[in-house]
Amino acid sequence: MKFSMAVFKDQNSSRLFVGQFISQICDKMMTLGLVWVISQEQSIQMIPWFLAIGALPHLLLASSGGKLVQRIGVLRTLIHTDVLRGIIFLLVGLLWLAYFKHHSLTTLFILTFVSNLLGALFNIAVFTLPGLMPKKELVPQLTAMVDSCFSLGTVVGPAISALLYPWLGLSGLLVLNGLSYLLAAGLEGGIRLDPADPETVESEPANADMAPAIPGRSMFADPLIRFMLSAFFLMNLALTPLMALLPLFVQTRFAGNLAMLAAFEVSIGIGMVAGSLLLSVAEFPLKRGKRAIAGLSAVSLLYLFFGLNHNPVLACLALAGLGLALAVVNVSLLTLFQSRPAPADVPVVMSWVNTISIGALPISMLMVGSLIEKIDLTKMTICLALGLLTISLATAFYREFREI
């Protein structure tokens, strides 16, 4: 294994990292703040509807989001969506007490819909951008760096929200979030793309070892892309219940409290951050496909260990290891989706990746809700872990994936 800090020394990469680090922390901070306000000032029964409204734009843009990003331009999409979100949050925050507080529920529902509409385009663009950077050799490390920002936001954002909300109130959080988006847009404005392929996304694939797309064929005609998108969807279906069932594990398996639940959630978050940051500075001898297979196998076994374990300390360690292995899988697959298709198709693939990540949640929750009273919690965990292991074995038998 070789270590290199080249991705952090590159000015383009560091601008993207710092901008996303700030933006993702404030984004997760804002989400928790809005959920808290709705649960306290309205009704806790409105929370599922609020989260559903946030997921809806991602589903609506599943087939058209990538083409829209292509038309606008990847970097321009990144900057414009951050600027628009910044202006919207800033205006709502500044005018909250005077105008919007009297219609708070309607305002928050509209705000989350518009924000996620722009966020869906942003997610497509931010994971397409690494392949357009001048230093193509840094694409895997940059992808890992961007992925670490999302994980860091999940860990740090809620903690900051809990600290700042009593001081700033909702209007203060809205203003702070708006300023963070504008700061991120300013940093992104300094990014310079490969001059050979400025915003056209029509250059050669990012990695020479990846097979180029066949001219005249849709990216979905590529069996490897179809197979890995299907595997990614099934992975999300199996993994999503873990986070949803954590409170139930804490109550029934460990007889714990809210502090234990927070420890479990922080453990998996820290593992994901550590895994993403490690991949941004380390080069592994394993090929990308074999690395993903090994990571998914580790996720399956740690998932199973957590589900059968009764010691909270060992459970935290299992979740941290699971998070680290999951980061390895995510970065490996994202790099595949960036480099396997023809460059012009990458935003479209990323649109489906984003949709799968969001859309798997309601489907998985429906599955868990229908089975939770019929199947013991331990048996359900074993089934989900074995399902993940089956996906891992299926990918291991796919020779073309093993060799990439």
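All of these numbers come straight from a predicted model, not from anything done at the bench. (Residues numbered from 1 in each chain as written. Predicted model: local features only at pLDDT ≥ 70, side-chain atom pairs only at ≥ 80, totals over all residues. Heavy atoms only, no water.)

## A short note on the overall build of the protein chain
At step 1: Broken down by element type, the protein chain carries 15 helices and two strands.
At step 2: Counting over 404 residues, the protein chain shows a buried share of 51%.
At step 3: Roughly 17,800 Å² of accessible area belongs to the protein chain as shown, and the carbon and sulfur atoms make up 70% of that amount. (Helix = DSSP H or I, 4+ residues; strand = E, 2+ residues; numbered from the N terminus. Buried < 20%, exposed > 50% of the residue type's maximum accessible area, 1.4 Å probe, protein only. Areas by Shrake-Rupley, 256 points an atom, 1.4 Å probe, with all protein chains shown as cover.)

## A word on the packing of helix α5 (residues 74-94) against helix α7 (residues 104-128)
At step 1: Between α5 and α7, the shortest axis-to-axis distance is 8 Å and the interhelical angle comes to 160°. Between α5 and α7, the crossing angle belongs to the class labelled roughly antiparallel. The two elements α5 and α7 cross, and the hand of that crossing is left-handed. Across the interface between the two elements, Val74, Thr77, Leu78, Thr81, Asp82, Leu84, Arg85, Ile88, Phe89 and Val92 of α5 pack against Thr107, Leu111, Val114, Ser115, Leu118, Gly119, Leu121, Phe122, Ala125, Val126 and Thr128 of α7. (Axes fitted to C-alpha atoms, helices over the stretch in contact; angles between N-to-C directions. Parallel < 35°, antiparallel > 145°, perpendicular 65-115°, else oblique. Left-handed = near helix turned anticlockwise from the far one by under 90°. Contact = heavy atoms within 4.5 Å.)

## Some remarks on the nonpolar core
At step 1: Ranked by size, the top nonpolar core spans 79 residues in total, and within it Leu16, Leu129, Phe264, Phe306, Phe337, Leu388 and Phe401 carry the most contacts.
At step 2: Residue contributions to this core peak at 14 residues, all from helix α9 (residues 223-253).
At step 3: In contact with phenylalanine 264, not counting residues within four places along its chain, are Leu246, Val250, Phe254, Phe306, Pro312, Ala315, Cys316 and Leu319.
At step 4: Of all hydrophobic cores here, the second largest spans 16 residues; its members include Leu34, Val92, Phe109 and Leu174. (Core = buried A, V, L, I, M, F, W, Y, C linked by side-chain atoms within 4.5 Å.)

## Digging into the packing of aromatic side chains
Aromatic ring pairs: the centre-centre distance and the angle between the two ring planes describe each pair.
At step 1: This structure, assessed with the given rule, holds eight aromatic pairs.
At step 2: Ring centres of phenylalanine 17 and phenylalanine 21 lie 6.1 Å apart, and the angle between their planes is 20°; on these two criteria the pair is classed as stacked. Residue phenylalanine 17 and its partner phenylalanine 21 are located together in helix α2 (residues 11-41), separated by four residues, close to a single helical turn.
At step 3: Overall, the relative accessible area of 16% leaves phenylalanine 17 in the buried class.
At step 4: The exposure class of phenylalanine 21 is partly exposed, given its relative accessible area of 29%.
At step 5: Here phenylalanine 254 and phenylalanine 306 contribute two aromatic rings whose centre-to-centre distance is 6.3 Å and whose plane-to-plane angle is 35°, an arrangement assigned as tilted. In this pair, phenylalanine 254 sits in the loop between α9 and α10 (258-281) while phenylalanine 306 sits in helix α11 (residues 288-308), placing the two residues 52 residues apart along the sequence.
At step 6: On the basis of relative accessible area, phenylalanine 254 is assigned to the buried category, the value being 10%.
At step 7: Overall, the relative accessible area of 0% leaves phenylalanine 306 in the buried class. (Phe/Tyr/Trp six-rings, centres within 6.5 Å; stacked < 30°, edge-to-face > 60°.)

## Brief notes about the environment of aspartate 27
At step 1: Of note, aspartate 27 is situated in helix α2.
At step 2: Sequence separation of aspartate 27 and leucine 176 is 149 residues, and the distance between their C-alpha atoms is 10.0 Å.
At step 3: With sequence-adjacent residues up to four places away left out, aspartate 27 is seen in contact with Asn177 and Tyr181.

## Here we look at a nonpolar patch on the surface
At step 1: A contiguous nonpolar patch, built from Ile87, Leu91, Leu94, Leu95 and Tyr99 and spanning about 500 Å² of accessible area, is present on the exposed surface.
At step 2: Examining the composition of the nonpolar patch, we find that three residues originate from one element, α5, more than from any other. (Patch = residues over 30% accessible without salt bridge, like charges linked within 9 Å, V, L, I, M, F, W, Y side chains within 5 Å. Salt bridge = Lys/Arg side-chain N within 4 Å of Asp/Glu carboxyl O.)

## A look at the side chain of serine 280
At step 1: Among the structural elements, serine 280 can be located in helix α10.
At step 2: You can call serine 280 buried: its relative accessible area is 0%.
At step 3: At 2.6 Å, the side chain of serine 280 and the backbone oxygen of leucine 277 are in polar contact.
At step 4: Ignoring anything within four residues of it in the chain, the contact list for serine 280 reads Ser4, Val7, Phe8, Gln141, Ala144 and Met145. (Polar contact = N/O pair within 3.5 Å; in protein donor to acceptor, adjacent residues only side chain to side chain.)

## What to know about the pattern of salt bridges
At step 1: Under the counting rule described, the total for this entry stands at four salt bridges.
At step 2: We note a salt bridge from aspartate 82 to arginine 85, for which the minimum N-O separation is 2.8 Å. With a gap of three residues between them, aspartate 82 and arginine 85 both fall in helix α5, about one helical turn apart.
At step 3: Owing to a relative accessible area of 0%, aspartate 82 belongs among the buried residues under this scheme.

## Things to note about α11
At step 1: With 21 residues, α11 ought to run about 30 Å at 1.5 Å a step, and its terminal C-alpha atoms sit 30 Å apart, in line with that.
At step 2: What α11 keeps buried is the set Arg288, Gly289, Arg291, Ala292, Ile293, Gly295, Leu296, Val299, Ser300, Tyr303, Phe306 and Gly307. (Expected span 1.5 Å × (residues − 1).)

## Things to note about the environment of leucine 173
At step 1: Position of leucine 173 among the secondary structure elements: in helix α8 (residues 139-188).
At step 2: According to the relative accessible area criterion, leucine 173 is buried, its value standing at 0%.

## Concerning the packing of α11 against helix α12 (residues 312-339)
In helix packing, the relevant descriptors are the interaxial angle and the interaxial distance, both defined with respect to the helix axes.
At step 1: Between α11 and α12, the shortest axis-to-axis distance is 8 Å and the interhelical angle comes to 155°. Classed by the angle they form, the pair α11 and α12 counts as roughly antiparallel. The handedness of the crossing between α11 and α12 is left-handed.
At step 2: Counted by class, the contact of α11 with α12 contains 18 nonpolar, five polar and two charged residues. (Nonpolar A, V, L, I, M, F, W, Y, C, P; charged D, E, K, R; others polar.)

## Notes on the confidence of the model for the protein chain
At step 1: Of all residues in the protein chain, 86% have pLDDT values of 70 or greater, and the mean over the chain is 81.
At step 2: Note on residues 198-217: pLDDT under 50 across the span, and 34 contacts to partners over four residues away in sequence or across chains. (pLDDT = per-residue confidence, 0-100.)

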